[in-house]
Amino acid sequence: MKTPREPDLELRGKLIRSLGSLREMLPGSFVERKRACGRPTCHCADGKRLHSQYQISVLMDGKPKALNIPAELAEKVREKIEMRRRFDAAAATICGVNLKRFLKEKKKGDRPV
Ligand SMILES: [Zn+2]
């Protein structure tokens, strides 16, 4: 006979298997700033066509840091920071499934006094 489907366990397994693809995740948040470089002949001197400056805003040893990212790495870094968000969301879901199962088990084990 086929064992009944357990959607929670299927979800948990799927999430666990997806975590490997998030191994390159980075902490912090991705920041894009617009700035003028100061050269009077540059296109940014009009105050509208500004340069993009990319940064990771992150805590290092408890202190907030803004780390500059070269423009060619910006998209990769943005994805890696997004991975962290997905990792945290997966962990929260897995913990939720496990807590539900724990409470169910506990109830089963409870004996009337
Ligand atoms: Zn400029």
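Everything below is about the structure printed above this text.
This is a predicted model, so every value here is computed, not measured. Positions within a chain are numbered from 1, following the residues in the order the chain's sequence is written. Given that this is a predicted model, residues contribute local features only at a pLDDT of at least 70 and side-chain atom pairs are listed and counted only at 80 or more, while totals for whole chains, interfaces and linings are drawn from all residues. Side-chain metrics rest on all non-hydrogen atoms present in the structure, leaving aside hydrogens and water.

Draft legend 1. Representation of the overall build of the chain within the structure. For helices the rule is a DSSP run of H or I covering at least 4 residues; for strands it is a run of E covering at least 2, with both sets numbered from the N terminus onward. For the chain, the helix and strand inventory stands at two helices and three strands. Walking the chain from its N terminus toward its C terminus, one meets helices and strands in the order α-β-β-β-α. The atom set for the radius of gyration is the C-alpha atoms, and the globule formula is 2.2 Å times the number of residues raised to the power 0.38. For the chain, whose C-alpha radius of gyration is 23 Å, the value lies well above the compact-globule estimate of 13 Å for 113 residues. With the principal axes as the frame, the chain shows a C-alpha extent of 80 × 35 × 20 Å. For the chain, the proportion of its 113 residues judged to be buried stands at 18%. Pairs at least 24 apart in sequence give 52% of the contacts found in the chain among residues at least 6 apart. All accessibility values rest on the Shrake-Rupley procedure with a 1.4 Å probe; residue burial counts only the protein chains present in the view. As presented, the chain carries roughly 9200 Å² of accessible surface, and 57% of it is formed by carbon and sulfur atoms. Only protein chains enter the accessibility calculation, which uses a 1.4 Å probe. A residue is then buried if its area is under 20% of the maximum for its type, exposed if over 50%, and partly exposed in between. Residues are treated as being in contact if the distance between any of their heavy atoms lies within 4.5 Å.

Draft legend 2. Region of the structure containing the sheet that holds strand S3 (residues 63–69). For two strands to be treated as a pair, DSSP must find no fewer than two bridges joining them. Taken together, the three strands give an open sheet; going across it, the order is S1-S2-S3, and neighbouring strands pair in antiparallel fashion. The sheet is open, and its two borders are formed by strand S1 (29–35) and S3, each paired with just one other strand. Going across the sheet, the axis of each strand differs from the next one's by a mean of 35°, ignoring polarity. Strand direction decides the pairing type here: strand S2 (residues 51–60) and S3, joined by seven bridges, are antiparallel. Here an axis means a line fitted to C-alpha atoms, over the contact stretch when the element is a helix, while the angle between two N-to-C directions is reported on a 0 to 180 degree scale.

Draft legend 3. Quick look at the nonpolar core. In this text, buried Ala, Val, Leu, Ile, Met, Phe, Trp, Tyr and Cys residues form a nonpolar core when linked through side-chain atoms within 4.5 Å. Membership of the largest hydrophobic core is limited to eight residues, which are Phe30, Tyr54, Ile56, Val58, Ile69, Ala74, Val77 and Ile81. Counting residues per element, the ones that place at least two in this core are S2 and helix H2 (74–109). Val77 has contacts with Leu26, Phe30, Ile56 and Ile69, leaving out every residue within four places of it along the chain.

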